[in-house]
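Below, each chain spelled out in residue letters.
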Amino acid sequence: MPPTADTTLTISLPPPPSGGTLPAIPIRADPDELSGPVAALASLGLEDLRIEWRKLYRSAAPVRLSRDLLQRSIAHRLQEEALGGLSAAALRQLGALSRSLAATGKQPPVAPAVKLKPGTTLVREWHGRTHTVTVLEKGFEHGGEHYASLTQIAHLITGAHRSGPRFFGLRRTAKNSSRGAADGE
């Protein structure tokens, strides 16, 4: 049965904490279960989208927000609630960037990405075994195999998802940002 303008999309939210923002919600739904409610948004009129906005965001929708942006924002919020939002670390980083911009009026400097030249060799010891990676024109070589990213290699070595650049000491850790890559992580 196709959705109608009377279709109501509801997701119950916990009340926001005193700080005013909702906490990160852990994954609790199958992404395929969202296809119906998200598709139903396309059939809703502007006023119905505003009603859905009010239910999800607990405030009135911005007056000048177009129907398309209302629909996209509501779909994003549905996905965020069902699948989880930004990590606590990402929220802290965004908050720090926002406070810095508000205080200085300038965008804070961003650490430049490490540029690796082809032929560079990265060495990492993991559980008593030394792993060597060679930087190629496109990708990386490890154990005679070609990989598109360092993260793939870090996953292969550790058996867990890890940041490849961080695993190989190319990025600073959040806990100790004063140490450089040369110090080893």
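Report on the accompanying structure. All values derive from a computational prediction rather than experimental measurement.

1. What about the sheet that holds strand 1 (residues 121-126)?
Spatially, the four strands line up as an open sheet ordered 1-2-3-4, and their pairing is antiparallel. Since the sheet does not close on itself, it has two edges, and those belong to strand 1 and strand 4 (145-147), each with one partner. Taking each pair of neighbouring strands and ignoring which way they run, the sheet shows an average axis angle of 30°. Pairing of strand 3 (residues 139-142) with strand 4, which is carried by three bridges, proceeds in the antiparallel orientation.

2. So, the nonpolar core
If you look at the biggest cluster of nonpolar residues, it comprises 13 residues, and the most contacted ones within it are Val-133, Leu-150, Ile-153 and Phe-168. Elements supplying a minimum of two residues to this core: strand 1, strand 2 (129-136) and helix 5 (150-158). With four residues, helix 5 is the single largest residue contributor to this core. Judged by nonpolar contacts, the second largest core, of 11 residues, contains Leu-44, Leu-65, Leu-70 and Leu-78.

3. Details of the pattern of salt bridges
Counting across every chain of the model gives five salt bridges. For Glu-52, the salt bridge is made with Lys-55, and the minimal N-O distance between the two is 3.6 Å. Here Glu-52 and its partner Lys-55 are both found in helix 2 (residues 46-57), three residues apart, which amounts to about one turn of the helix. Relative accessible area serves as the criterion here: at 2%, Glu-52 is assigned to the buried category. Overall, the relative accessible area of 35% leaves Lys-55 in the partly exposed class. Close ionic contact of Arg-77 with Glu-81 constitutes a salt bridge, the shortest N to O distance being 3.2 Å.

4. A closer look at unusual backbone geometry
Unusually for a residue other than glycine, Arg-58 sits at a positive phi of about 60°. One can find Arg-58 in the loop between helix 2 and helix 3 (67-83). You can call Arg-58 partly exposed: its relative accessible area is 43%. Of note in this structure, His-127 is not a glycine but carries a positive phi near 50°. Here His-127 lies in the loop between strand 1 and strand 2. Given the relative accessible area of 71%, His-127 is considered exposed.

Thresholds, definitions, all that
In every chain, residue numbers begin from 1 and rise along the written sequence. Where local features are concerned, this predicted model is filtered to residues with pLDDT of at least 70; where side-chain atom pairs are given and counted, the filter is 80 or more; whole-chain, interface and lining totals use all residues. Processing note: side-chain calculations cover all non-hydrogen atoms of the structure and skip hydrogens and water entirely. Here, strands pair whenever DSSP counts at least two bridges between them. The secondary structure listing takes helices from DSSP runs of H or I that are at least 4 residues long and strands from runs of E that are at least 2 residues long, numbered from the N terminus. Each axis is a line fitted through C-alpha atoms, taken for helices only over the stretch in contact, and angles between the N-to-C directions span 0 to 180 degrees. Put simply, a nonpolar core is a bunch of buried Ala, Val, Leu, Ile, Met, Phe, Trp, Tyr and Cys residues held in one set by side-chain atoms that sit within 4.5 Å of each other. Exposure categories follow from relative accessible area, calculated using a 1.4 Å probe and restricted to protein chains: below 20% of the type maximum is buried, above 50% is exposed, and the middle band is partly exposed. Whenever Lys or Arg places a side-chain nitrogen within 4 Å of a carboxyl oxygen from Asp or Glu, that contact is recorded as a salt bridge.

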